[in-house]
Amino acid sequence: MKRIAVFASGFGSNFQAIIEAVKNNSLNAEIALLVSDKPGCKAIERAEEHLIPVFAFSAKEYADKEAYETEILQELRQRGVDYIVLAGYMRYIGRVLLESFPMKIINLHPALLPSFPGAHGIADAFRHGVKVFGITIHYVDEGVDTGKIIEQFAFHANDGATLEDVERQIHQLEHTHYPATINKIINA
């Protein structure tokens with residue numbers, strides 16, 4: 001069974017979907033570690049509720065990205081992690097992790113890439129007036145949401161849909177398709 005580390009920075013609803021998928025055996029993996037750059041965030045509470053080990057850090061306590069990623073890498077190696085799964089992790093992945101996990105870092109983006117990369121994909125797409133929204137699951141590379149696309153799932157927004165309506169539908173797609181796609185990738 002493959003061992004994954006989930007990286008999250010906030011509420012952790014996608015992390016919770018991954019936990020549930022593991023529990024109901026639709027994701028054949030072990031969550032070996034949660035990594036968070038926001039000590040005290042809800043994702044950490046979720047990990048603790050499910051007895052998942054946590055490595056939380058504050059980037060400002062390190063000299064640079066290489067320093068904290070080196071410590072993260074030690075944690076990952078100690079736990080025999082095979083894949084890194086980003087679930088709302090709001091930091092760019094740097095050289096240390098990219099070189100150690102080539103094509104084994106997976107991200108979920110709440111827009112149809114290559115359109116609307118970055119931290120505000122849903123709002124950017126909504127403001128642009130698109131009619132088709134969706135999610136992209138992709139490998140992480142050195143760019144911002146530029147890695148090889150693995151899967152995309154889309155829907156047509158109803159006329160009059162609010163940003164909140166679109167966000168709700170995006171989250172439904174994420175919670176359904178991200179764990180299933182992770183399972184396909186790591187168990188291929």
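About the cut-offs
Residues numbered from 1 in each chain as written. Predicted model: local features only at pLDDT ≥ 70, side-chain atom pairs only at ≥ 80, totals over all residues. Heavy atoms only, no water. Buried < 20%, exposed > 50% of the residue type's maximum accessible area, 1.4 Å probe, protein only. Helix = DSSP H or I, 4+ residues; strand = E, 2+ residues; numbered from the N terminus. Contact = heavy atoms within 4.5 Å. Expected span 1.5 Å × (residues − 1). Arc of directions from axis to C-beta. Pairing = 2+ DSSP bridges. Axes fitted to C-alpha atoms, helices over the stretch in contact; angles between N-to-C directions. Core = buried A, V, L, I, M, F, W, Y, C linked by side-chain atoms within 4.5 Å. Salt bridge = Lys/Arg side-chain N within 4 Å of Asp/Glu carboxyl O.

Visitor: Can you walk me through helix 5 (residues 121-128) in this structure?
Guide: Quick reminder: α-helices carry 3.6 residues per turn. Residues three or four places apart thus point the same way. The complete set of buried residues in helix 5 reads Gly121, Ile122, Ala123 and Ala125. The inward-facing, buried residues of helix 5 contact strand 5 (105-109), strand 6 (132-139) and helix 6 (163-186). In the stretch just after helix 5, Gly129 is the one whose phi turns positive, near 85°.

Visitor: Could you clarify how one ought to interpret helix 3 (residues 65-78) in this entry?
Guide: Helix length check: helix 3 (14 residues) gives 20 Å between terminal C-alpha atoms against 20 Å at 1.5 Å per residue, within 8%. Every buried residue belonging to helix 3 is among Tyr68, Glu69, Ile72, Leu73, Glu75 and Leu76, and all of these are buried. Looking down the long axis of helix 3, one finds its buried residues gathered within 160° of arc, a one-sided arrangement. Residues Arg77 and Gln78 are exposed on helix 3 and point more than 90 degrees away from its buried face. Tucked into the core, helix 3 has its buried residues touching strand 1 (2-7), strand 2 (29-36), strand 3 (54-56), strand 4 (83-86) and helix 4 (95-100). Positive phi appears at Gly80, one or two residues downstream of helix 3, with a value of about 65°.

Visitor: Can you help me understand the sheet that holds strand 3 in this one?
Guide: The strands that make up a sheet pair up through hydrogen bonds in the backbone, lying either parallel or antiparallel. Read across the sheet, 7 strands follow the order 3-2-1-4-5-6-7 without closing on themselves; strand pairing throughout is mixed. Because the sheet does not close on itself, it has two edges, and the strands there are strand 3 and strand 7 (149-156). Averaged over all pairs of adjacent strands, the angle between strand axes in this sheet comes to 20°, irrespective of strand direction. Looking at chain direction, strand 1 and strand 4 are connected through 4 bridges and run parallel. Paired with Ile4 across the strands is Tyr83, a residue of strand 4.

Visitor: Sorry if this is basic, but what is going on with the nonpolar core here?
Guide: Nonpolar side chains in soluble globular proteins tend to be buried together. Counting 38 residues, the largest nonpolar core has Ile4, Val6, Phe15 and Ile18 as its most contacted members. Residue contributions to this core peak at 7 residues, all from helix 6. Among the nonpolar cores identified, the runner-up in size contains 24 residues, and Phe7, Ile84, Ile93 and Leu98 belong to it.

Visitor: In this structure, what is going on with the pattern of salt bridges? I would like to understand it.
Guide: Tallying each qualifying case throughout the model produces 9 salt bridges. Linking Glu30 and Arg3 is a salt bridge whose minimum nitrogen-to-oxygen distance equals 2.9 Å. Within this pair, whereas Glu30 is found in strand 2, its partner Arg3 is found in strand 1, the two being separated by 27 residues in sequence. Glu30 gets classed as partly exposed once you look at its relative accessible area, which sits at 36%. Take Arg3: its relative accessible area is 23%, and that puts it in the partly exposed class. Taking the shortest distance from any N to any O, the salt bridge between Arg95 and Glu99 comes out at 3.3 Å. Of this pair, Arg95 and Glu99 both sit in helix 4, 4 residues apart, which is roughly one turn of the helix. Owing to a relative accessible area of 43%, Arg95 belongs among the partly exposed residues under this scheme. On the basis of relative accessibility, which here comes to 54%, the residue Glu99 falls in the exposed class. Connected through shared salt-bridge partners, Glu66, Arg95 and Glu99 make up one network.

By themselves, these observations are geometric and do not establish any function.
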